[in-house]
Amino acid sequence: MSSNMAERSPQLEDIWNRFDQADFDDLKSRAKDADLELFNLGVTFTVYSDKDVIDRVLPFDIIPRILTASEWNTIDRGVIQRVSAINAFLHDIYHEQHILNDGTVPRDLVMGNANFRDIMVGFEPAAGVYTHIAGTDIIRDDDGRFLVLEDNVRSPSGVSYVVENRHLMERSFPDLLANLRLRKVSDYGRTLFEKLSETVPSGAADKDNPQVVVMSPGMFNSAYFEHIFLAREMGVPVVEGSDLFCDDDRVFMKTIAGPKRVDVIYRRIDDAFLDPEAFRPDSMLGVKGLINAMLKGNVTIANAIGTGVADDKAVYAYMPRIIKYYLDEDPILDNVETHICREEDALQYTLDHMEELVVKPVGESGGYGITIGPKASREELEKARESLLADPANFISQPMISLSVCPTLGESDLVPRHVDLRPFAVTGKGTWVLPGGLTRVALREGSIVVNSSQGGGTKDTWVLCGPKETRTGGNRS
Amino acid sequence: MTMLLSRYAEALFWFARYVERSASLARILNVQAGFWQDDANQENWSAILSLYADKDRFEEKYDTINARNVASFYVTDRDNPGSILSCLWAARENARLLRPLISVSMWSYINMSFNEFSKLSNWDLHSTRLARTCEMIARRCDAIMGVTESTYYRDAGWRFYQLGLWIERADQTSRLLDVKVAQIASTHWLDDGEDAVADAEFWKLLLHSFEAYHAFQRAESGLLDPKKVANFLMFNESFPRSLTHCIGEVQNMLKDLYLGYKLYHVEYSYEEVEKLLYELESAANDPHLHLRFHGFNDKVQHRLMEITQSLGTSFFGHVDVPPEDVSSQTQSQA
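Only a predicted model underlies this, so the values are computations on that prediction, with no experimental measurement involved.

K.L.:
In this structure, what is going on with the overall build of chain B? I would like to understand it.
P.N.:
If you tally the helices and strands in chain B, you get 16 helices and zero strands. Expressed as a percentage of its 334 residues, the buried residues of chain B come to 60%. Counting only contacts in chain B whose residues sit at least 6 apart along the sequence, the fraction spanning at least 24 positions is 65%. On chain B, roughly 14000 Å² of surface is accessible, and the fraction owed to carbon and sulfur atoms is 50%.

As structure tokens, then:
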């Protein structure tokens, strides 16, 4: 068998030789065992039906995606830079609004954004952090450059797979991993706890030992496994809205010994459902009074309310300028070239080049509503043109990037499949990036859509240690 | 240390109850399968329906009480919330909620077991297979409890798990005794002794339902005296399924919560337990218990519901529920 395809640099030759020499049938049968193990361990995303719960394993490909120390260094620095700029941007738009006043970013893009929360205007979040947890989607083009495809700064998911995939590899393929110097990923929970603790609010009950909780919409949520994973790794409870209540602008959880103060909430619930008093009155998931408790400085909500403005696909287009504006640096990671259809030139350009471009609605996630020009039929293009003209501001367009491929276990051999990467950054006093991240892979031949909802799977992501690094090395800035 | 969330405490309590209930049901069916050859003897199968007060629910769906129907009603029927599969489903959903607290192996065991049992088919319930299937289910439940025993961190949550386990076990013992004894009450009776030999087979089966046969032989050698059997299952302090033992453990757990965790509001439940222990003691000394046997068991079961309810108000954040709603509450939690 051969893994002779893209993303093989000479530095990785030794590792790829291991895979080349492995017996395919043996790999295949161990991969099957690994899938079963994931299922039995309940490393699943959950789909509820009437009477049963259907646990689905996110397809796991056993061929890792491997990044060298210097490749990782670029990503690490690039992500930290990006997160700093996003936090500065969020602070600015909820305070002085310099960037809007001088027209660097169009005002209506921010003020008219559905994710802008008036309630946050003038509010100072603890340690100045808005996006405590960020997941940046990164792809690689033909030239091997890393490009940012999307920022996820509300509640990015998938980190549990990064850690579980590694555990699974260690159990299933100890021979392939033997003596490799990989950066470890098992620190995530502890670091997340540390960083969240650094954003303890001024009104906390005990600033040295803050009570952190993970707030989940509950078992019906497809990412429930991740919520419990995070709580378990941090050693904190998973709470649902019904476990919490507010009194005197403080947040409490209901325990067997009575009410206990809560200081930091890592919420995995959308803004709109957090507090029926502040947002959607019909929310059953939220807690009445939570937002007031936050505004009074008695509880930290991570990520902060209203961060969604920054991961809007239209704001994304301005990100290189945002980085320059706040940090006075050039972006370490470039954006994919993006045309903002709300701008007349860009709209015209997009309409003229529909069959070359990928057209994306700015308000959707999960790969929905995307038109991939080069692969679309005439009817599909016509439909996309209509939606585009009906509401140009809702769209951006980008050239079709031929995503890099990575060797992937096929039916009878290793086959090239497109991948992307979502590194996870956690921010408290400073930002730390988990070395590696979630590699998603489009398992269908030719497909470039890597979302789990569209037939994508995941891979373990290996980051090699640099010559002087130890396995435990993790830069914490 | 983070104090246990009420929701988790309740889930631990019910997780234990559902696993114990499944195991108990599997044991009873297993023993019952011994009657299979005698399919005409519907009474034995109908007795199980009385045991869980399920006759009406059963009749909604099945026209005849026979081995096949009862087995499917109690093993694989997801429309029956009291079936083994439904109980294990409920146990698994509680475990899912508890995953931040429980060990990976605990979750993995319950998850695998449920997935395996949901594949059970009619073939597994066939007369030639039923005993084996039930045996397998009971062993799996034992394994789940074994993994729990060997991996669960001994925090306050452990006490709620134990409370659920012992309360459910007491409840099952009391129900089974009640219905089994009632089964022959009309024809023979405990204290005249003359039919004891003829009934030996029955009492043996009863002991087997509790996996108590050998323990009983060790404690009481000689003939299977019905009175001794009944006393053993109710009042023997050393037998882990006897009422006295189970309630003693409940008391121990409440003491732990009071002394070790300073949860002083445990006192309401404690009072209920003391009342029950007192009633057990007077029953043990009552020479005419057999005449009031059914009433006594009713009282036991009612008292167990009271204890459960007091835990609900003291720890699980329930508001007081009028007593008539209590019985339905024990079935509804998932």
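There is more to say after this.
K.L.:
Before we go on, may I ask you to explain the environment of Lys313 of chain A in this structure?
P.N.:
Tracing the backbone through its elements, the reader meets Lys313 of chain A in helix H12 (residues 313-316). On the basis of relative accessible area, Lys313 of chain A is assigned to the buried category, the value being 10%.

K.L.:
So what exactly am I meant to see when it comes to the sheet that holds strand E15 (residues 357-361) of chain A here?
P.N.:
Hydrogen bonding along the main chain pairs the strands of a sheet, whether they run parallel or antiparallel. Residue and element names in this part refer to chain A. The strand order across the open sheet formed by four strands is E14-E17-E15-E16, and the pairing between neighbours is antiparallel. Each having just a single partner strand, strand E14 (339-340) and strand E16 (371-372) make up the two edges of the open sheet. Relative to E16, E15 is paired through two bridges, and the arrangement is antiparallel. Within E16, the residue paired with Val359 across the bridge is Thr371.

K.L.:
How should I be thinking about the interface of chain B and chain A in this particular structure?
P.N.:
Listed per partner, the contact involves 29 residues of chain B and 28 residues of chain A. Linking chain B with chain A are two salt bridges. Summed over the shared surface of chain B and chain A, the result is 11 residue pairs in polar contact (both at pLDDT 80 or more). Here the element with the most residues in the side of chain B that touches chain A is helix H6 (residues 104-117) of chain B; it accounts for seven residues. Its residues assigned to classes, the side of chain B that touches chain A shows 16 nonpolar, six polar and seven charged.

K.L.:
Quick question: what am I supposed to make of the pattern of salt bridges here?
P.N.:
Once their charged atoms are close, side chains differing in charge can pair, the charge on each being opposite to the other. All names here are of chain B. Taken as a whole, this structure holds 51 salt bridges over all chains when the rule is applied. As a salt-bridge pair, Arg139 and Glu135 come within 3.5 Å of each other at their nearest N and O atoms. With Arg139 and Glu135 both in helix H8 (residues 130-151), this residue pair falls four residues apart, about one helical turn. Relative accessible area serves as the criterion here: at 34%, Glu135 is assigned to the partly exposed category. In this structure, Arg154 and Glu149 form a salt bridge, with 3.4 Å as the shortest nitrogen-oxygen distance. With a relative accessible area of 35%, Arg154 lands in the partly exposed category. The exposure class of Glu149 is partly exposed, given its relative accessible area of 46%.

K.L.:
Would you explain helix H2 (residues 24-41) of chain A in this entry?
P.N.:
Since there are 3.6 residues in each turn of an α-helix, residues three or four apart along the chain are aligned in direction. Between the first and last C-alpha of H2 of chain A there are 25 Å, a value that for 18 residues agrees with the 26 Å anticipated at 1.5 Å per step. For H2 of chain A, the complete set of buried residues consists of Phe24, Leu27, Arg30, Ala31, Ala34, Leu38, Asn40 and Leu41 of chain A. Those residues of H2 of chain A hidden inside the fold are in contact with strand E3 (60-67), helix H6 (159-172), helix H7 (174-177), strand E18 (405-409) and strand E19 (414-422) of chain A together with H6 of chain B.

K.L.:
Could you clarify how one ought to interpret a nonpolar patch on the surface in this entry?
P.N.:
Together, Tyr258, Leu259 and Tyr264 of chain B line one region of the surface with nonpolar side chains, adding up to about 330 Å² of accessible area. The topology assignment puts Tyr258 of chain B in helix H13 (residues 243-259).

K.L.:
Explain the sheet that holds strand E8 (residues 244-247) of chain A here, please?
P.N.:
Residue and element names in this part refer to chain A. What the three strands build is an open sheet, ordered E8-E9-E10; its pairing is antiparallel. With partners counted over all chains shown, the strands left at the sheet margins are E8 and strand E10 (258-261), one partner each. Here the average twist between neighbouring strands, direction ignored, is 45 degrees. Sheet topology places E8 next to strand E9 (residues 250-255); four bridges connect them, and they run antiparallel. Across the sheet, residue Leu244 finds its bridge partner in E9, namely Met253.

K.L.:
I would appreciate a short explanation of the environment of Glu411 of chain A in the present structure.
P.N.:
All names here are of chain A. Examined against the element boundaries, Glu411 turns out to sit in the loop between E18 and E19. Between the C-alpha atoms of Glu411 and Gly158, which are 253 residues apart in sequence, the distance is 26 Å. The contacts of Glu411, once residues within four sequence positions are left out, are Phe24 and Lys28.

K.L.:
It is not clear to me how unusual backbone geometry should be interpreted in this structure. Could you clarify?
P.N.:
Where the residue is not glycine, phi is negative for most of them; where a peptide bond is considered, it is trans in most cases. Residue and element names in this part refer to chain A. Omega for the bond connecting Ala302 with Asn303 falls within 30 degrees of zero, at -15 degrees, which places this linkage in the cis form. Its location among the elements puts Asn303 in the loop between strand E12 (300-302) and H12. The phi angle at Asp248 is positive, at roughly 55 degrees, despite the residue not being glycine. Within the secondary structure, Asp248 sits in the loop between E8 and E9.

K.L.:
I would appreciate a short explanation of the nonpolar core in the present structure.
P.N.:
Phe89, Ile93 and Tyr188 of chain A together with Phe15, Phe160 and Leu233 of chain B are the most contacted members of the largest nonpolar core, which totals 244 residues. If you tally residues by element for this core, the top one is helix H1 (residues 6-32) of chain B, at 15 residues. Look past the residues within four positions of Tyr188 of chain A in its chain and what remains in contact with it is Ile133, Val159, Val163, Leu230, Phe424, Val426, Trp432 and Leu434 of chain A. Core analysis: the second largest hydrophobic core is formed by 10 residues, Leu347, Met354, Leu381 and Leu388 of chain A among them.

K.L.:
Is there a simple way to think about the packing of H6 of chain A against helix H9 (residues 224-234) of chain A in this case?
P.N.:
Helix-helix packing is described using two parameters, namely the angle between the two axes and the distance between the axes. Residues and elements named next belong to chain A. Axis separation between H6 and H9 bottoms out at 9 Å; the angle between their running directions is 70 degrees. Judged on the interaxial angle alone, H9 and H6 are roughly perpendicular. Contacts between H6 and H9 involve Val159, Ser160, Tyr161, Val163 and Glu164 on the former and, on the latter, Phe225, Glu226, Phe229, Leu230 and Arg232. Of the residues belonging to the contact of H6 with H9, the class tally is six nonpolar, one polar and three charged.

K.L.:
Hey, could you run me through the side chain of Arg65 of chain A in this one?
P.N.:
Residues and elements named next belong to chain A. Within the secondary structure layout, Arg65 lies in strand E3. Classification of Arg65 as buried rests on a relative accessible area of 1%. Within the structure, the side chain of Arg65 is placed 3.4 Å from the backbone oxygen of Asp420, a separation counted as a polar contact.

K.L.:
Looking at this structure, I do not really get helix H13 (residues 319-327) of chain A. What am I missing?
P.N.:
Residues and elements named next belong to chain A. Residues of H13 that are buried include every one of Met319, Ile322 and Ile323, and no others. Buried residues along H13 cover an arc of 100 degrees about the axis, so they all sit on one side. Directly after H13, the chain includes Asp328, whose backbone phi takes a positive value near 50 degrees.

K.L.:
In this structure, what is going on with the environment of His227 of chain A? I would like to understand it.
P.N.:
Residues and elements named next belong to chain A. On the secondary structure map, His227 appears in helix H9. Once the C-alpha coordinates of His227 and Val415 are considered, the two residues, 188 residues apart in sequence, prove to be 33 Å apart. Ignoring sequence-local partners within four residues, the contact set of His227 consists of Val214, Ser216, Pro217, Asn221, Val238 and Arg268.

K.L.:
Hey, could you run me through the side chain of Ser174 of chain B in this one?
P.N.:
Summarising the element assignment, Ser174 of chain B is placed in helix H9 (residues 156-185). Here Ser174 of chain B is in contact with Leu243, Asn297, Val300 and Gln301 of chain B, once residues within four sequence places are set aside.

Parameters at a glance
- Residues numbered from 1 in each chain as written.
- Chains lettered and ligands numbered in written order.
- Predicted model: local features only at pLDDT ≥ 70, side-chain atom pairs only at ≥ 80, totals over all residues.
- Heavy atoms only, no water.
- Helix = DSSP H or I, 4+ residues; strand = E, 2+ residues; numbered from the N terminus.
- Buried < 20%, exposed > 50% of the residue type's maximum accessible area, 1.4 Å probe, protein only.
- Contact = heavy atoms within 4.5 Å.
- Areas by Shrake-Rupley, 256 points an atom, 1.4 Å probe, with all protein chains shown as cover.
- Pairing = 2+ DSSP bridges.
- Salt bridge = Lys/Arg side-chain N within 4 Å of Asp/Glu carboxyl O.
- Polar contact = N/O pair within 3.5 Å; in protein donor to acceptor, adjacent residues only side chain to side chain.
- Nonpolar A, V, L, I, M, F, W, Y, C, P; charged D, E, K, R; others polar.
- Expected span 1.5 Å × (residues − 1).
- Patch = residues over 30% accessible without salt bridge, like charges linked within 9 Å, V, L, I, M, F, W, Y side chains within 5 Å.
- Axes fitted to C-alpha atoms, helices over the stretch in contact; angles between N-to-C directions.
- Core = buried A, V, L, I, M, F, W, Y, C linked by side-chain atoms within 4.5 Å.
- Parallel < 35°, antiparallel > 145°, perpendicular 65-115°, else oblique.
- Arc of directions from axis to C-beta.

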